[in-house]
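# Summary of the model geometry
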Amino acid sequence: MSILVNMLLEWLDDEGNNVIERVLWVDSLTDNVVLIEINNSKALPTWRKLSELENDCFNQKIRVLTFDPYQKLTPSEDEIPFSYKQRRDRAWEVIKPIVENPDGLAFIPEHRGKLINEIINNTGSSKKTIYHHLRRYWQGGQNKNVLLPLFEKCGAKGKQRQSSDRKRGRPSKLAKATNSTLGVNIDDEIKKKFERGINLFYENQQGRTLKDAFQLTLEKLFHQGYEMQNNVLVPILPPAHELPTFNQFRYWYQKDRNITREKISREGKRRFNLKYREITGNSTKMAFGPGSVYQIDATIGDIYLVSSLDRNRIIGRPVLYIVIDVFSRMIVGFSVSLEGPSWLGAMLALENVTTNKVEFCNQYGIEITPEDWPCHHLPESILADRGEFEGYNADNLVNALNIRVSNTPPYRADWKGIVERNFGLTNEKMIHWLPGAVRKQRERGDRDYRLEAVLDLHQFRQLMIYQILDHNHNHYLTSYSMDEFMIQDYLQPYPIDLWNWGIQNRVGHLRTQSEDVIHLNLLPSAQASITAQGIYYNGSYYTCELALREQWFVKARNEGRWKVKIAYDPRFVDHIYLRLRDSPALITCNLVEADLRFKGKDWYEVVEYFELQKQYQESSKTRLQQTQANFHAQVEQIVSEAQKQTSQAKIPQSKRSRIQGIIQNRHAEKEYERINNSGIEDNNVQELAEIIPIFNGTEKEENDYIAPPKPIDKLRQLRKKQWQDQDD
């Protein structure tokens, strides 16, 4: 075995002690080797025969060590403090003339002594200092950085000081000013009081600061007694210089601090698990390939929207659901609605997961190819919150769609860290820069961000689609744990690339179902009415080929309306789906022509529109009642005046005589109306009579109707009078 410089050799001496020596110099020509004992503070280089060492190594009397106790990770030159480098360089300049001597002259005592005397004369360094530097250099491995100062070994780190009457620690400013000893040393009794004070006043969920806990500890555990003040017992504390200081309290607390116990006692187990626990797991290990596990969660969007039916009305903040594939981090579906976080919102997101994304994006005027968003499948399992996916509703997923549902424990959103983090990315990348976005740090005098809202639900969904496409194609997953096969294929951690790689190499986890089965189990159901105007649901009317062929609307008008079961998509009012027992599939119904004004709108907006109409109708009652009051007052006034006039003009006569004169009275009133309302002056009547021939006949009696006055009526009256004069 070869003996090399800096090699560590260990053997047992005559007394049974382990002796470790470092090889300082080897000369195979002269069969010499120089060693120095590394654990001896007074060691000097010793000479041995190289052949003897090699023979002892061969006979296993000497063991070669692979671990060097002096070897440590030395920081780079830039990271070493300047003062440390100064001390190292000064020590190096002292021993440099000795250690750089060739042919091992530094290890010959006579020659080394002469060099040391020269250094003492030239630098003024002591012999003790020179040998101290030499031993550090030789024992540490003969490199310059072993001369760096060992400040970390100064003091007695981790060791408790021995008890004594002398005050330990730096004196306070008051002690210096008065040239006296102030303060107390911390003994075992005081430490026990500190520990009790920490347990009573700090490590609990009352939220006290460490300084508050220190003050309460002094009041409860260090007082000398009590005195009565205003019928209250007040603790009497010794003078401050006879009490421990807050710095001492903090030092002993942090010396024995258990951060896990502290956080759990102050924040609670749930909050500790959510915010402070160690993060050593990897969510990707949950999924072997695309579709193994989808994570789903909801949040309230940090933006205010307006109604598409009336853009002056602010409709509040939308509810955003996101579904992410755990393996690839691909966003496979989403939903934006006004429905609060619930089973319905989650089902809309899952329905979008199975939707053909090309057709879906076309509904919003966005053209993509199937390769841009190739996600339209059901997963093997879903990881969600307990709220939406716990109970009877989740049975549809398990029994009808064969999807395993897993729920996180209460208050453990960190178990869905992937989808939770995506909400933050969505806010950072898009939402916080949009008009109407919620600003957390709104200052006094700033314009209300709610008044800046301009986007409706349709436009916000468009923006979400663009943001999801950007995430799937361009979001680089810096913390994604690539396995060896991905590394071999030079795979880049982008969601779309991970998805496509998984489809080729980790197949068997994605599932498909017919569109009708998806709609039947995921879309909400309700009851609609068959009426003469169409299939009625939530203020809108629909029609379909089956209803027209079987004359449903005619029957409803003649025989009365009836109920049918439907499924509907709250995001679009354009269609509903009939759920008939004898039909093998859902039947799509479209809006009737009269209701096409709502095409492309959300159910929420349409329902809100009809609710507003009802509110307007309710609010118009005041106007209607006031109008009716005005009308009735006018009628009453006119009737009262008529009664008064008739009563004053009435002459005594029998009832029979009054009734018998109705026809003559009617004729007289007609003539009076014609003359007074004709608008023709008397001097023009003769001229018109010569131009317009008058029919000479008997007028038909009209008992029910008085014709409106005409200019020709007066001419007739004058002509009739002329005839009577001629007859006479």
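If you're wondering where the values come from, they're calculated on a predicted model, not measured in any experiment.

Each helix and strand in the chain was counted, giving 26 helices and 20 strands. Counting over 728 residues, the chain shows a buried share of 38%. Taking the contacts inside the chain whose residues are at least 6 apart along the sequence as the reference set, 60% of them involve residues at least 24 apart. Summed over its atoms, the accessible surface of the chain is roughly 45,600 Å², and 49% of this surface lies on carbon and sulfur atoms.

To continue, consider the sheet that holds strand β17 (residues 540-543). Strands sit in the order β15-β16-β17-β20-β19-β18 around a closed barrel of six strands; the barrel is antiparallel. For this sheet the average axis-to-axis angle between neighbouring strands, irrespective of direction, equals 45 degrees. Along the sheet, helix α20 (residues 552-559) contacts β15 (525-531), β16 (534-537), β17, β18 (562-568) and β19 (575-578); its crossing angle with β15, the most-contacted strand, is approximately 70 degrees.

Further remarks concern the packing of helix α6 (residues 188-201) against helix α7 (residues 210-221). α7 packs onto α6 with a crossing angle of 120 degrees between their chain directions and a minimal axis gap of 9 Å. By the angle between their directions, the pair α6 and α7 is classed as oblique. Considering the relative orientation of α6 and α7, their crossing is right-handed. Note on element contacts: α7 touches α6 through L210, A213, L216, T217, K220 and L221, opposite K193, R196, G197, I198 and F201. Of the residues assigned to the contact of α6 with α7, the class counts are six nonpolar, two polar and three charged.

Okay, unusual backbone geometry next. You will see that R329, though not glycine, has its phi angle at about 65 degrees, which is positive. Position of R329 relative to the elements: it lies in the loop between β11 (319-325) and β12 (331-337). A relative accessible area of 13% means that R329 is categorised as buried. At Y490, a residue that is not glycine, the phi angle is positive and equals roughly 55 degrees. Since its relative accessible area comes to 73%, Y490 is described here as exposed.

This part is about the confidence of the model for the chain. In low-pLDDT segments, the atomic positions of the prediction should not be examined closely. Summing up the model confidence of the chain, the mean pLDDT is 79 and the portion of residues at 70 or higher is 79%. Between residues 409-415, whose pLDDT stays under 50, and residues either more than four places distant or in other chains, the model counts 16 contacts.

Turning next to the pairing of strand β3 (residues 32-37). Of all six residues making up β3, five are buried, and the element is well covered by its neighbours. Note: strand β2 (residues 18-27) against β3, six bridges, orientation antiparallel. The residue bridging D27 from the neighbouring strand is N32, located in β3. As paired elements, β3 and strand β4 (residues 46-49) share four bridges and run antiparallel to each other. Following the sheet pairing, V33 is matched in β4 by R48.

Once that is clear, we can look at the sheet that holds β3. Paired through backbone hydrogen bonds, the strands of a sheet run either parallel or antiparallel to each other. One open sheet holds the five strands; their spatial order is β4-β3-β2-β1-β5, and the pairing between them is antiparallel. At either end of the open sheet lies a strand with only one pairing partner, and these are β4 and β5 (63-65). Neighbour to neighbour, the strand axes of the sheet diverge by 40 degrees on average, direction disregarded. As paired elements, strand β1 (residues 8-12) and β5 share three bridges and run antiparallel to each other. Its bridge partner being in β5, L9 is matched across the sheet by V64. Packed on one face of the sheet, helix α1 (residues 50-58) meets β1, β2, β3 and β4 and runs near 70 degrees to β4.

Note on placement: L350 falls in helix α11 (residues 343-353). Taking C-alpha positions, L350 is 8.8 Å from I296, a pair spaced 54 residues apart along the chain.

In this structure the tally under the stated criterion is 10 salt bridges. Ionic pairing is found between R317 and D302, a salt bridge with its closest N-O pair at 2.8 Å. Placement of R317 in the loop between β10 (314-316) and β11 and of D302 in the loop between β8 (293-300) and β9 (305-306) is noted, with a sequence separation of 15 residues between them. Relative accessible area serves as the criterion here: at 10%, D302 is assigned to the buried category. Between R311 and D456 there is a salt bridge, with the nearest N and O atoms lying 2.9 Å from each other. With R311 in the loop between β9 and β10 and D456 in the loop between α14 (417-429) and α15 (457-474), this residue pair connects regions lying 145 residues apart in the sequence. Owing to a relative accessible area of 41%, R311 belongs among the partly exposed residues under this scheme. A residue is classified by how much of its surface remains accessible, and D456, at 6% relative accessible area, is buried.

Take the packing of aromatic side chains next. Counted according to the given criterion, the structure contains 16 aromatic pairs. Three or more aromatic residues joined by ring pairs form one cluster here, namely F194, F214, F222, F246 and F249. Of note, K193 hangs over the ring of F222, and the distance from its end group to the ring centre comes to 4.8 Å. In this structure, K357 packs its charged tip against the face of W373, placed 5.3 Å from the ring centre.

This part covers the pairing of β11. Summarising burial for β11: seven of the seven residues are buried, a large majority. Alternating residues of β11 divide into V319, Y321, V323 and D325 and L320, I322 and I324, and every residue in both groups is buried. Across seven bridges, β8 lies against β11 in antiparallel orientation. Bridge pairing in β11 links Y294 to D325. Pairing of β11 with β12 involves six bridges; the strand directions are antiparallel. When the bridges of β12 are listed, V323 appears paired with G333.

A separate point is the packing of α7 against helix α8 (residues 246-255). Relative to each other, α7 and α8 sit at 110 degrees, their axes nearing to 10 Å. If you check the angle between α7 and α8, you find them roughly perpendicular. In this structure, the crossing between α7 and α8 has a hand that is right-handed. Between α7, through L210, K211, A213, F214 and T217, and α8, the contact on the second element is made entirely by F246, F249, R250 and Y253.

Here we take up the side chain of H133. Residue placement: H133 occurs in helix α4 (residues 127-139). A residue is classified by how much of its surface remains accessible, and H133, at 14% relative accessible area, is buried. Ignoring any residue separated from it by four or fewer positions in sequence, one finds H133 in contact with A91, I95 and L147.

Here helix α24 (residues 662-676) contains 15 residues, and its C-alpha end-to-end distance of 21 Å stays within 8% of the 21 Å for a straight helix at 1.5 Å per residue. Of the positions making up α24, those classed as buried are R666, K670 and R674. An end-on view of α24 places all buried positions within 65 degrees of arc, on one side of the element. The exposed set on the far side of α24, more than 90 degrees from its buried face, consists of Q664 and Y672.

Conventions and cut-offs
- Residues numbered from 1 in each chain as written.
- Predicted model: local features only at pLDDT ≥ 70, side-chain atom pairs only at ≥ 80, totals over all residues.
- Heavy atoms only, no water.
- Helix = DSSP H or I, 4+ residues; strand = E, 2+ residues; numbered from the N terminus.
- Buried < 20%, exposed > 50% of the residue type's maximum accessible area, 1.4 Å probe, protein only.
- Contact = heavy atoms within 4.5 Å.
- Areas by Shrake-Rupley, 256 points an atom, 1.4 Å probe, with all protein chains shown as cover.
- Pairing = 2+ DSSP bridges.
- Axes fitted to C-alpha atoms, helices over the stretch in contact; angles between N-to-C directions.
- Parallel < 35°, antiparallel > 145°, perpendicular 65-115°, else oblique.
- Left-handed = near helix turned anticlockwise from the far one by under 90°.
- Nonpolar A, V, L, I, M, F, W, Y, C, P; charged D, E, K, R; others polar.
- pLDDT = per-residue confidence, 0-100.
- Salt bridge = Lys/Arg side-chain N within 4 Å of Asp/Glu carboxyl O.
- Phe/Tyr/Trp six-rings, centres within 6.5 Å; stacked < 30°, edge-to-face > 60°.
- Lys NZ or Arg CZ within 6 Å of the ring centre and 35° of its normal.
- Expected span 1.5 Å × (residues − 1).
- Arc of directions from axis to C-beta.

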